[in-house]
Amino acid sequence: MQVPAILDIEASGFGRGSYPIEIGFVGADGELFCGLIRPAPDWLHWDASAEALHGISRERLLSCGRPIEWMATQINQRLAGQTVYCDGWGHDYAWLNRLFEAAALQPSFRLDDLRSLLSEDEAARWHEVTQAVRARLQLTRHRASSDARVLQLALRELKAGLVTA
């Protein structure tokens, strides 16, 4: 089964004022893309517990992050015309919107909820399968591109029937 592109976003935290700090995706062809985002001057929200989870400091973003416009342009070029899926649509949509609004651009792709691709049975096994894929790949870091890869592999395994109940 050909699986679609999967996108994941790490953010400064949750709730009002939060913003994307890293966007990663894996294309339908397996191409990985990931980049840190330099916060806009008015993006000030920061949650220490979110930093503890993803391990990205605000200082690192300010020194190594890519400009907002660059990131939005890269994502648009690489995902143009596709429907891209994520597992946290409510948050990811808002964060992606914040990025594109700050860049004064419109997305050239559609973001949709990965859940829409799953049957009830597959949804019931989703957490277990993603944890097994993460363990098998020995991924300990919670970062955007590796998370997107785990989601895509888990989807492929569920759809190919490689996972039993």
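Residues numbered from 1 in each chain as written. Predicted model: local features only at pLDDT ≥ 70, side-chain atom pairs only at ≥ 80, totals over all residues. Heavy atoms only, no water.

Engineer: Any chance you could explain the overall build of the chain here in plain terms?
Structural biologist: Across its full length, the chain carries six helices and five strands. Here the C-alpha radius of gyration of the chain, 16 Å, is about what a compact globule of 165 residues would show, namely 15 Å. Dimensions of the chain along its principal axes, counting C-alpha atoms only, are 50 × 35 × 25 Å. A buried classification covers 47% of the 165 residues belonging to the chain. A total accessible area of about 8300 Å² is found for the chain, and carbon and sulfur atoms account for 51% of it. Computing the positive centroid from 17 side-chain charges and the negative centroid from 21, the chain places the two 4 Å apart. (Helix = DSSP H or I, 4+ residues; strand = E, 2+ residues; numbered from the N terminus. Rg over C-alpha atoms; globule rule 2.2 N^0.38 Å. Buried < 20%, exposed > 50% of the residue type's maximum accessible area, 1.4 Å probe, protein only. Areas by Shrake-Rupley, 256 points an atom, 1.4 Å probe, with all protein chains shown as cover. Lys, Arg positive; Asp, Glu negative; His and termini not counted. Charge placed at Lys NZ, Arg CZ, Asp CG, Glu CD.)

Engineer: Help me understand the pairing of strand β1 (residues 6-11), please; the structure alone is not making it clear to me.
Structural biologist: If a strand is regular, its side chains alternate between the two faces of the sheet. A large share of β1 lies buried, amounting to six of its six residues. Burial along β1 is two-sided: the face carrying I6, D8 and E10 and the face carrying L7, I9 and A11 are both buried. Bridging between β1 and strand β2 (residues 20-26) involves six bridges; their strand directions are antiparallel. By the bridge assignment, A11 is partnered in β2 with P20. (Pairing = 2+ DSSP bridges.)

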